[in-house]
Structures are given as C-alpha cells and as structure tokens.
Amino acid sequence: MSQIGKYFIFLGSLFRNREKLSVYLKLVLDECISIGVNSVFIVAIVSTFIGAVTCVQTAFNLVSPLIPMYIISVIVRDSTILELAPTITSVVLSGKVGSNIAGQLGTMRITEQIDALEVMGINSTSYLVLPKVIAAMLMFPLLVILAGFLSILGGYLAGTLSGIISPDDYVYGLRSDFNSFSVTFALIKSVVFAFLISSISSFQGYFTSGGALEVGQSSTTAVTKSCISVLIADYLLAQLLL
Amino acid sequence: MAEALQSLCKDKNIRMIEIKNIKKAFGDREILAGVSGTFKPGDTSLIIGGSGTGKSVLLKCMIGLIKPDEGEVLYDGRDFIKADDDLQTEIRREMGVLFQGSALFDSKTVLENVRFPLDMLTDMSMAEKTERAEFCLQRVGLGEAGDRMPSEISGGMKKRVGIARAIVMNPKYLFCDEPNSGLDPLTSIKIDQLISEITDEFQITTVVITHDMNSMLEIGEKIMFLYQGHKLWEGDNSNLTQSNVPELNEFIYANKLLRETEQQ
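Under an unreviewed UniProt entry, chain B has the name ABC transporter ATP-binding protein and belongs to Nibrella saemangeumensis.

Per an unreviewed UniProt entry, the recorded name for chain A is ABC transporter permease, and the organism is Nibrella saemangeumensis.

The interface is formed by 13 residues belonging to chain A together with 15 residues belonging to chain B. Top element by residues in the side of chain A that touches chain B is helix α5 (residues 113-119) of chain A. It accounts for 5 residues. Tallied by class, the residues present in the side of chain A that touches chain B amount to 5 nonpolar, 4 polar and 4 charged.

Turning our eyes to something else, we now look at the UniProt feature "transmembrane region" (unreviewed entry) in chain A. Residues and elements named next belong to chain A. Annotation from UniProt places "transmembrane region" (unreviewed entry) at residues 21-50, 133-158 and 178-197. What you have in residues 21-50 is 90% helix and 0% strand, and the ends, taken at the C-alpha atoms, are 40 Å apart. Measuring from the first to the last C-alpha atom of residues 133-158 gives 36 Å, for a span that is 100% helix and 0% strand.

Of all hydrophobic cores here, the largest spans 112 residues; its most connected members are Ala 164 and Phe 175 of chain B. The greatest single-element share of this core, amounting to 11 residues, is contributed by helix α4 (residues 71-110) of chain A. Residue contacts for Phe 175 of chain B: discarding those within four places in its chain leaves Leu 59, Met 62, Ile 63, Met 95, Val 97 and Val 207 of chain B.

With that settled, the discussion passes to the packing of α4 of chain A against helix α7 (residues 130-161) of chain A. Angle between the axes and distance between the axes are the two parameters that describe a pair of packed helices. Residue and element names in this part refer to chain A. Running from N to C, α4 and α7 cross one another at 135°; their axes reach a closest spacing of 8 Å. Overall, the two elements α4 and α7 adopt an arrangement that is oblique. Considering the relative orientation of α4 and α7, their crossing is right-handed. Of the residues belonging to the contact of α4 with α7, the class tally is 14 nonpolar, 8 polar and 2 charged.

Each strand in a sheet pairs with its neighbour through backbone hydrogen bonds, running either in the same direction (parallel) or in the opposite one (antiparallel). All names here are of chain B. Pairing is mixed in the open sheet, where 6 strands are placed in the order β6-β7-β8-β3-β9-β10. If you trace the sheet from one side to the other, it starts and ends with β6 (95-98) and β10 (230-235), each paired once. For this sheet, the mean inter-axis angle between neighbouring strands, taken without regard to orientation, is 15°. Both strand β9 (residues 222-227) and β10 contribute to a ladder of 5 bridges, which runs antiparallel. Residue pairing in the sheet places Ile 223 in a bridge with Gly 235 of β10. This element, helix α2 (residues 55-63), spans β3 (44-48), β6, β7 (173-177), β8 (205-210) and β9 of the sheet and lies at about 150° to β7.

Rules of the game
- Residues numbered from 1 in each chain as written.
- Chains lettered and ligands numbered in written order.
- Predicted model: local features only at pLDDT ≥ 70, side-chain atom pairs only at ≥ 80, totals over all residues.
- Contact = placed C-beta atoms within 7 Å.
- Helix = DSSP H or I, 4+ residues; strand = E, 2+ residues; numbered from the N terminus.
- Nonpolar A, V, L, I, M, F, W, Y, C, P; charged D, E, K, R; others polar.
- UniProt positions renumbered as here; feature names shortened; annotations may be inferred.
- Core = buried A, V, L, I, M, F, W, Y, C linked by C-beta atoms within 7 Å.
- Buried ≥ 20, exposed ≤ 12 C-beta atoms within 10 Å, placed from the backbone.
- Axes fitted to C-alpha atoms, helices over the stretch in contact; angles between N-to-C directions.
- Parallel < 35°, antiparallel > 145°, perpendicular 65-115°, else oblique.
- Left-handed = near helix turned anticlockwise from the far one by under 90°.
- Pairing = 2+ DSSP bridges.

Right, dumping it as structure tokens:
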C-alpha cells in the first residue's frame, strides 16, 4: 500500500514547480520519436501477424455451412479494434517502452544525474517524467490506429491469399454492422494504457537505488507491473464502457 | 567576464553556511549524531573522515537531497530545511555541486552540459549562454573540449566539466563530493588547486568532502573531522598533524609515508 501512496505522490510531483513551456515542447518531441516513431516497426510486425493468425484460426473454427464466410472478417475486425490492437500493442509496448524508460531513469538515478537536476533547483520528476507521459499519451493512440489497420490488412492478406475467404466477402464483413464506438473505446483504452505504462515505468526507474543490477531489476519490475496494470485496466474499462 | 563575476561576489558578509546539530539515522543506524559547524566565504572547507562516517550524508543534508531528522542548515540565515518550495528552489539555484561521479548528462555534449543550468534557469540569449559556458570551460582548462561527449573524455576531464557546470550560474556556495575519487595523484592535485583558485577568485563558500590526505594538506583552510557521525576535531591544515585526537591521528597516519615522516 505504501508503494501505491508513493506512486500517487510521485504523480502529484509531476505538476509542481514546472519549467518553461518551451523546454517541455522540445522534450515531448524527442520523447515522441523515442516512444512513438521507434516503436512503429515492432507494432507493425506484431499487429500484421496477429490479424493474419486471427483470420486463419477463425476460419478453422467455422465448421458450420450455415455461417456465412464474411463472419470471419467481422470477427477479425471486432477482435482487432476492441481488444487486439489496443491491448496487445500496449503489452508489447510495455516491454519495449517500459523497460527503456525504467532503464534510462534508473541509470540517471545511480549516476547522480537526477540528484544534479534537483540541486540545480529543477523539478526532476517534472523535467524527466512529464514529457514521457505526455508523449506516450500522444503516440499510443496513433500506434493503436496503425496496429488496427495493419491487423485487419494482415487478416485480409492471409485470408485471401490462402483462399479461405474471397476479397469481396472480407470487405463486406468489415463493413457489416460496424459500431463506431468500438474505435472510440480502443482510443480511450490506448490513452489509459499509455498513462499507466509510462508513469509506472518512470516510477520504478526513478526510485532505483544501488547499481547496475538494480537498474535491471527495475526494468523487469516495470514491465511486469505495467503489463498487470494494463490487463486490470482493460477489464475495468470493458466493464465500465461497454 | 571574470571581472564582472568578481564584482558580483564582493560582499563577503553573505554566503555563510551554518549547520546546527544535524542528526540523521537510517532505521536504527545513527549516521549523524548532532554535527554543527560554520563555513565561511572564500574558504575551502574540508569535511574529512573514513568511509561510512557520514560525510556524504552530511553533504546531502546540506544540499537538500536528504532531509535530516533534526537540526538546521542555514544559508545566510535562511533555514533551508524548513523553507517552502520556492525558497528552497531559490537557495538551490545559488549552489553549485560537483558530484563524486561528475553526474554529467550522457546525451549532451560537454558544452551543452555546462550550458544546461543557463538553458533551464535563465532568460539569456543563446549567444550569451554559449559565451558564459565557454568561459567556464576555459577557466577549467577545457576550452577545446566543448564538442565532445562525456563518454569521450577522461575521469579528470569529467571532474573539470563538473566544476565548470557547477560555477556556470555564478554560485554563492560550491559543494564537492570526493572530487579526487578515481584520479591519479597528479590530476587530484590539479583538481584541488582548481577548486581552491575558483573559491578564492569568486569568493565562493566551498565545502569539500574528501578522505584524500593530499587534499587536506594542499587546500584545507578549514577542516572538520567526522568519526562515527560525531565531529571530533576542527582546525586547519597547519595543525592537522598536531592534534591529540587518537581517531584523527589514526586516520592521518594510516599512510605509511606520513607515519615514517612523522617518526623522523
């Protein structure tokens, strides 16, 4: 419980004694590149294959001749937008981005760089963590949109190239009974997940003490806690919003 | 530029640091058991003692990285511990700190590291900031190293960059945490001399944590000896070797060369 209290105090300190706006603008842009642009490749690979696998496995399970083939792409679409794109992307990013953030801040802590900021009179949490949180909340929705698009495209390629479903059926299924709130829901999830991953990883890294071994442990803990928090938040959001 | 800086530092009545009855414990382990002292402007004051005697904890209490359990740290009469956030920030911006590992930012060049406090805390133009940072780098003898990354320079150079960054904001108080750790004796002496010169030149109140005997003999204008969290002795380098404190004598004469010299 004390850790949770410490986490909320840490979040509160992000907004105290802030620096000039121009400072944050540059830092947020840098972090957008680090968190967003540098994650495009892994997100693209994971989401394309997840879409392809979802399509093939759904077709494998559709054994009744009474069920039309376009249901495959309906399932690919809904599972992608509602769950796979936001959640799986966030779990993957909690590994990549979370460990990076925790490792970076942990190293800065043990090499006294954070202490150096503090004694200069700079709020180190606000300077180091706030840009990461803002950048993650800006970039995660974009990555989730990309993941959703590529996942559906992956399903289309796997389905049509292997002859499981015709292109017309696939596109018909995608447009059938589409509920646009699914997209809103996915974007809300991505923003919440971005906040959780970036803040929890920063918290773990910021309070690292010791040496190189502890930096590694902080990174591992950051990834574990981020993943668990994403899955809990996923359930709670589904209960609240659907 | 140097004259302008010196003119800012003329008033010797300010820049005094006083610590009163500083106590700190971690759990049941008492680290500082009521340490008091005064550090005057223009003096290079040394806090010495063996490993684990509380030197670094005392320094961290003084610069606000650790909150003491009891006691006061006064900067020109302003209580740093009890100060609100704004006053603490104001006092912190009057400090320069050289950390044990230099604490340079890995992702910035040497020049950017030195300019960083100016970038963050002043409204100076880029040309003015760069001129000031280059002046400080030249003052520590690294005028040509501005474009290099911290990973490309030696330990001694990192310490010099750390000193340049510490003085770039024209601080009233300079704190150095073991400035000689990991350096060869010759480089150590150069760093000590540089700290002493800068202290004198800009009339800074300098506090150095060290257990290096050369430093004590070279620049110790005022020395405070800590032992198991207590201040056991205070004086200067001229009477350091003549104390009747057994713990201090044991600490000083741990060095074989000094022991033999004293016996002769």
